[in-house]
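Notes for the structure review
One-letter residues, chain by chain:
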Amino acid sequence: MKNVAKSRFLLALGLASAFQFSCQRQSSAPAASAINSSAEATTGRNFSSASVAATIYEGIEFDMPKVKETKYPNYSVPITKYGAVGDGITKNTQAFEQAIADVAAKGGGHVIIPRGLWLTGPIVLKSNIDLHAEAGSMVIFSRDFDDYPLIKTSFEGLDTYRCQSPISGMNLENVAITGEGTFDGNGDAWRPVKKSKMTDAQWKALTKTGVLSDDGKTWYPTEKSKKADAKDNFNVPNFKTKEEFEAVKDYLRPVLLSLVNCKTVLLDGPTFQNSPAWNLHPLMCQDIILRNLNVRNPWYSQNGDGLDLESCKNALVYNNTFDVGDDAICVKSGKDEDGRRRGVPTENVIVKNNVVYHGHGGFVVGSEMSGGVKNVHVSNCTFMGTDIGLRFKSTRGRGGVVENIWISNIDMINIPTQAISFNLFYGGNSPVLEEDQKAGTEARVEKLVPVTEETPSFKNIWMRNITVSGADEAVALQGLPEMNLQNVNIENAYLKARRGISAVDATGIALKNVKVVTEKGPALTIYNSKDINVQGLTFNQTNEPAVKVLGPLTKNVKLNNKDFTSAATQISKGKDLGKAAVSMQ
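I will try to describe carefully the structure that is included in this document. Because the structure is a prediction, the values reported are computed rather than measured. (Residues numbered from 1 in each chain as written. Predicted model: local features only at pLDDT ≥ 70, side-chain atom pairs only at ≥ 80, totals over all residues. Heavy atoms only, no water.)

**Description of the environment of Val-488**
Tracing the chain through its elements places Val-488 in strand E33 (residues 485–496). Taking C-alpha positions, Val-488 is 5.9 Å from Asn-460, a pair spaced 28 residues apart along the chain. Setting aside residues up to four positions removed in sequence, Val-488 forms contacts with Phe-422, Ile-461, Leu-477, Gly-508, Ile-509 and Ala-510. (Helix = DSSP H or I, 4+ residues; strand = E, 2+ residues; numbered from the N terminus. Contact = heavy atoms within 4.5 Å.)

Encoded structure:
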C-alpha cells in the first residue's frame, strides 16, 4: 500500500509540475471524447501544409539548396482509436505505438493527438508519419525511469549509452511533428538541481524526495543518479561496458526529441518543454525545417539546451521562441576524436526571425564542433537577457573548422556578460559563473602548442547591423596563440556595454562603422593580434584612452585619423609593442 500511495503522489506531483510549467496556447478544439475513434480523412483539420516562404531564402550569402518538404497522404488516425485516455493518469504508450503503426502500414499520414492530457512512455516515430498535436493537447512523458531503456547513441558529441528519448526516430524519411499542442518531457524527474539556483522554499520542497550530494549543495532524484556525477565527465561517464552504464542508468538523462540520420523532417507549431537533458536534437539529419516552435525549459535546468543541430545538412530554423536553461539555438558537429572520426559538418543552415529570452547563449556554435561548421546565415533575431548573445566556443583538443558564418540584424538587450563572445579556451563554465565554477578554468594559456588535427579553427565570420543595449562586455574576440581567430568582420554596430571590445590572438579583424558606448575602460583593446583594420570607430569620452594596443606579437594595426580628435592621448601603445605595429590611415 505504501508503494501505491507513493506512486500516486509522484504522479500527482508530475502533473502539477507540468501544469505549472506549461504555457499552453489555447484555441477551441474538440474534447478527446468527441473525437471519432475510427480512421478518418484529413479534411477539416489544420495540418501544416504551407510551403516555406520565398523570403526565407532571400539575402543568403552562399549557395543554399532548397530544403525538401514533407508531404502526406489524406489519411489520419486519432490515438483514441486504440484506447488512449486523456486523463493524465492512464499510460497510453501502446495506443501511440498502434496508431503510428496503423498509419505507417497505410503508406503514411497523420496520427492525431486530440485535446486532453496524454500520459505515455517513449514514442518511436516511423517514416511518412506526421504526429499532429491539436490545440489543447498535452503529452506528458512518464516519470518511470524503467520506461526508458539504455540505447547506444551520441550525447554531447560522444558515442555513448543514454536512456531512450521520450520521442525518437532513426533512419526515417518524411517525418513531422506539428500542431499547437505541448510535449512535456517531465525533466524535473531526471535533472540534478543546484541549491544555488533555488529559493529556500523551493529547496525545502524539492529535498523532501531524492538524495543530496555529500556537500549538500546538489539534489539528485536517486542514488543511481548521484553515483555517476563527477566534475570531470561533462555528463558522459567514461565507461567501457554497457553494464557499467546500467549501474548509473538514472544519471543518463535523455534528450526530449532525438532524430538520427533522418531525411525530410518538419517540426512546426508545438511547444516542447521540460526536457531531461537537451530539448531538440537532430543528429546527422538532412533537409530539416523547424518553425513556429515554442521551446522552453526552466532557467535552472542542467544542460537544458533548446535546439542542438548536430552534423546536419540543409536546415531552416525560423519564427521560433526559446526560453531555456542552457544554450538556445546551438550548432554542433561532434566532440574530439569521436566527432573527427564521424567527420560530418553542420552546413547550409538558415536561422531567421527567432526570439530568445533566457539562455546561456542566443545563437551558439560549439563547443562540440570537431566535424566542422560552414555556410550558416543568421538574421533578424532578438536576444533578451541571454547570458551571451552570439556565442562561439571551443578548446584545444577539439579540432574542426568553423567558417563562412554570416550574421545580420541582431538586437540584444540586458546581456549579463559578453554580447558577442569567441572563447577558444572553453572549459564548461556557464557564462555567469555558478557557485561551483571558477574563472581560472577557462584562463588563457599563452604557451604555444603544436598545430595538429586537434586544433580548432574559427574563420571568415561576418556580422553587420548589430545593436546591443546593455551588456557587461560588448565583444570578446579570443583565439588561440597557435591558431588565431581569423577574419572576423563587424560592420554597422551600436554597442552599449560596461566594457568595450577586446581582440586577443586574432588575425584579420575588421571593424567598420562601429559605435562603442562604455562605462569604463577603452572602447577597443588589442593584444597579440595582427592585420587589424578599424574605420569609422566612434566612442564616448572617458578618463582612459579609447584604444589600447598591446603585445609583442601585435602588428599591422590600421586606425583611421578621422576617428580621433587627439590620437596622441586617445590611443595608448604598450611598451612591448613594435614601432611599426600601428599606423594611422
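Structure's up, so let's keep going.
**Remarks on the sheet that holds strand E14 (residues 211–212)**
In a beta sheet, neighbouring strands are held together by backbone hydrogen bonds and run either parallel or antiparallel to one another. Spatial ordering of the open sheet is given by E13-E15-E14, a layout of 3 strands whose pairing is antiparallel. Two strands bound the open sheet, and with one partner strand each, they are strand E13 (193–194) and E14. Bridge analysis of E14 against strand E15 (residues 218–220) gives 2 bridges, and the strand direction is antiparallel. Opposite Leu-212, over in E15, you have Trp-219 as the bridge partner. (Pairing = 2+ DSSP bridges.)

**Description of helix H2 (residues 93–105)**
Taking 1.5 Å of rise per residue, 13 residues should cover 18 Å, and H2 covers 18 Å from first to last C-alpha, within 8% of that figure. Considered for burial, the residues of H2 that qualify are Ala-95, Phe-96, Ala-99, Ile-100, Asp-102 and Val-103. What you see down the axis of H2 is that its buried residues fit within an arc of 155 degrees, all on one side. With respect to the buried face of H2, the exposed residues turned more than 90 degrees away are Gln-94, Glu-97 and Ala-105. The secondary structure elements touched by the buried residues of H2 are strand E1 (76–78), strand E3 (109–113), strand E4 (116–120), strand E5 (123–124), strand E6 (129–133) and strand E7 (137–141). Two residues or fewer past H2, Gly-107 is found with a positive phi of approximately 95 degrees. (Expected span 1.5 Å × (residues − 1). Buried < 20%, exposed > 50% of the residue type's maximum accessible area, 1.4 Å probe, protein only. Arc of directions from axis to C-beta.)

**Here we look at the environment of Asp-146**
Here Asp-146 is to be found in the loop between E7 and strand E8 (150–155). Judged by relative accessible area, which is 69%, Asp-146 ranks as exposed. Residues Asp-146 and Asp-250 lie 104 residues apart in sequence; the distance between their C-alpha atoms is 9.2 Å.

**Description of the pairing of E4**
Burial analysis of E4 places 5 of its 5 residues in the buried class, which makes it a mostly covered element. Side chains Gly-116, Trp-118 and Thr-120 of E4 all project onto a buried face; the interleaved residues Leu-117 and Leu-119 project onto the opposite face, where all are buried too. Here 5 bridges tie E4 to E7, and the two strands are oriented parallel to one another. Bridging from a neighbouring strand, Thr-120 pairs with Phe-141 of E7.

**Looking at the pairing of E33**
Judged from the 9 bridges that link them, strand E32 (residues 457–478) and E33 form a sheet pairing that is parallel. The residue of E33 that forms the bridge with Ser-469 is Lys-496. Looking at chain direction, E33 and strand E35 (residues 506–507) are connected through 2 bridges and run parallel. Paired with Leu-485 across the two strands is Ala-506, which belongs to E35. When E33 meets strand E36 (residues 510–517), the two strands line up parallel, connected through 7 bridges. Bridge pairing in E36 places Ile-490 opposite Leu-511.

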